[in-house]
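Commentary on secondary and tertiary structure
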Amino acid sequence: MSIEIRKVTANIGAQVLGVDIAKPLDEETYAALREALNVHKALVFDDVHLDDAGQQAFVRHFGDLTTAHPTVPAVDGAPNVLPVDSERGRAANHWHTDVTFVLNPPQASTLRSLVLPPYGGETLITSSAAAYRQLPEPLRQLADTLWAEHTNDYDYAVPQETVDEAQAAARAQFTSITYRTVHPVVRVHPLTGERGLFIGGFAQRIVGLSPAESRKILDLLQSYVTRPENILRHRWSENQLVLFDNRITQHYAVDNYDGRPRRLHRVTVAGDVPVGVDGKESYSIEGDAAHYTSVAA
């Protein structure tokens, strides 16, 4: 069968038909998927029959794998697989790009459905390239010059007194190693040359500005990222895998399923060091992620 790419929305997302990702990909098929990912930013594969080993084998076509996470435990016996499990907390219900608090965040992420609630539990994925294109010219010129500090020790915006013992333990695990990295607010995609707003929940401060000033600017830029027309709202079905370009998207796990069981498995691809419009690279302030990821060329 030939590969068919069906666009899902104007700015992001496509459904992929005609490829069995449980089998090794030939060069032509890989090139077609990479091009589709460059164009559509997020790809949906239906009726996939993969276990953890199969998911990892598919993802390895796109580069070296990271371990599951810099601080959060992996699936038992699968160090490259992160369980995204409602029973372990629902901290991903904020807009973010995966692991931007390290120097070279993953270039791509995959999520595979295992256990789904009877309703809700969608994953929202948004195009930060579309957001950048929609900025008025004065804002675009400003954003091109800005750098932001990203950290895993971020403000959850949840009063401490509302956090139960399990949530407190999860937070402690997440921040067991503190990471602080400075990235360009506008990142240039290394394959396409597109510019995208590289911010999200881990971006806490604009370099040179106060926290209050930073928050106003970050919120303003983020409002373009989260415009409805830029978002793919993916309603999960059984045996699905979603692949998205972590360099030029953000995502959000919607907590609207009344605490019912929901479990996905995540596998990510090692990424390069982000580069801004001036050609300068991101730099690390605190935290060594060598145990988590190699640096992609």
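Residues numbered from 1 in each chain as written. Predicted model: local features only at pLDDT ≥ 70, side-chain atom pairs only at ≥ 80, totals over all residues. Heavy atoms only, no water.

An unreviewed UniProt entry lists the protein under the name Taurine dioxygenase, with Streptomyces phaeofaciens given as the organism. Entered under Sequence similarities (unreviewed entry) in the UniProt record, the comment concerning the protein runs "Belongs to the TfdA dioxygenase family." (UniProt positions renumbered as here; feature names shortened; annotations may be inferred.)

1. Quick notes on the sheet that holds strand β8 (residues 180–184)
Reading across from one edge, β11-β7-β8-β16 is the order of the 4 strands in this open sheet, with antiparallel pairing throughout. Strands with a single pairing partner mark the edges of an open sheet, and in this sheet they are β11 (203–206) and β16 (283–286). The mean inter-strand angle of the sheet, taken between neighbouring strand axes irrespective of direction, is 30°. Bridge count between strand β7 (residues 147–151) and β8: 5 bridges; the pairing is antiparallel. When the sheet's bridge partners are listed, Ala148 is paired in β8 with His183. (Pairing = 2+ DSSP bridges. Helix = DSSP H or I, 4+ residues; strand = E, 2+ residues; numbered from the N terminus. Axes fitted to C-alpha atoms, helices over the stretch in contact; angles between N-to-C directions.)

2. Some thoughts on helix α4 (residues 137–145)
What α4 keeps buried is the set Leu139, Ala143 and Asp144. Looking down the long axis of α4, one finds its buried residues gathered within 140° of arc, a one-sided arrangement. Facing away from the buried surface of α4 by more than 90 degrees, the exposed residues are Pro138 and Thr145. Lining the buried residues of α4 we find α3 (128–134), β9 (186–188), β10 (195–197) and α6 (211–225). (Buried < 20%, exposed > 50% of the residue type's maximum accessible area, 1.4 Å probe, protein only. Arc of directions from axis to C-beta. Contact = heavy atoms within 4.5 Å.)

3. Remarks on a nonpolar patch on the surface
Taken together, Val207, Tyr283 and Ile285 make up a surface patch of nonpolar side chains, about 250 Å² in accessible area. By the secondary structure assignment, Val207 is in the loop between β11 and α6. The exposure class of Val207 is partly exposed, given its relative accessible area of 37%. (Patch = residues over 30% accessible without salt bridge, like charges linked within 9 Å, V, L, I, M, F, W, Y side chains within 5 Å. Areas by Shrake-Rupley, 256 points an atom, 1.4 Å probe, with all protein chains shown as cover. Salt bridge = Lys/Arg side-chain N within 4 Å of Asp/Glu carboxyl O.)

4. Structural notes on α6
Taking 1.5 Å of rise per residue, the 15 residues of α6 would be expected to cover 21 Å, and the 20 Å separating its terminal C-alpha atoms lies within 8% of that figure. In this structure, the buried residues of α6 make contact with β6 (123–127), α3, α4, β10, β11 and β14 (249–253). (Expected span 1.5 Å × (residues − 1).)

5. Quick notes on the sheet that holds β6
Spatially, the 3 strands line up as an open sheet ordered β12-β6-β14, and their pairing is antiparallel. Since the sheet does not close on itself, it has two edges, and those belong to β12 (231–234) and β14, each with one partner. Taking the axes of each pair of neighbouring strands and ignoring which way they run, one obtains an average angle of 20° across the sheet. Where β6 and β12 come together, 4 bridges link them in antiparallel fashion. Bridged to Leu124 within β12 is Arg233.

6. Focus: the side chain of Thr268
Assignment of secondary structure puts Thr268 in strand β15 (residues 263–269). Residue class for Thr268 comes out buried when judged on its relative accessible area of 2%. Side-chain polar atoms of Thr268 contact the side chain of Thr66, separated by 2.5 Å. Setting aside its immediate chain neighbours within four residues, Thr268 contacts Val59, Asp64, Leu65, Thr66, Thr67, Asp98, Pro106, Ala108, Ser109 and Tyr292. (Polar contact = N/O pair within 3.5 Å; in protein donor to acceptor, adjacent residues only side chain to side chain.)

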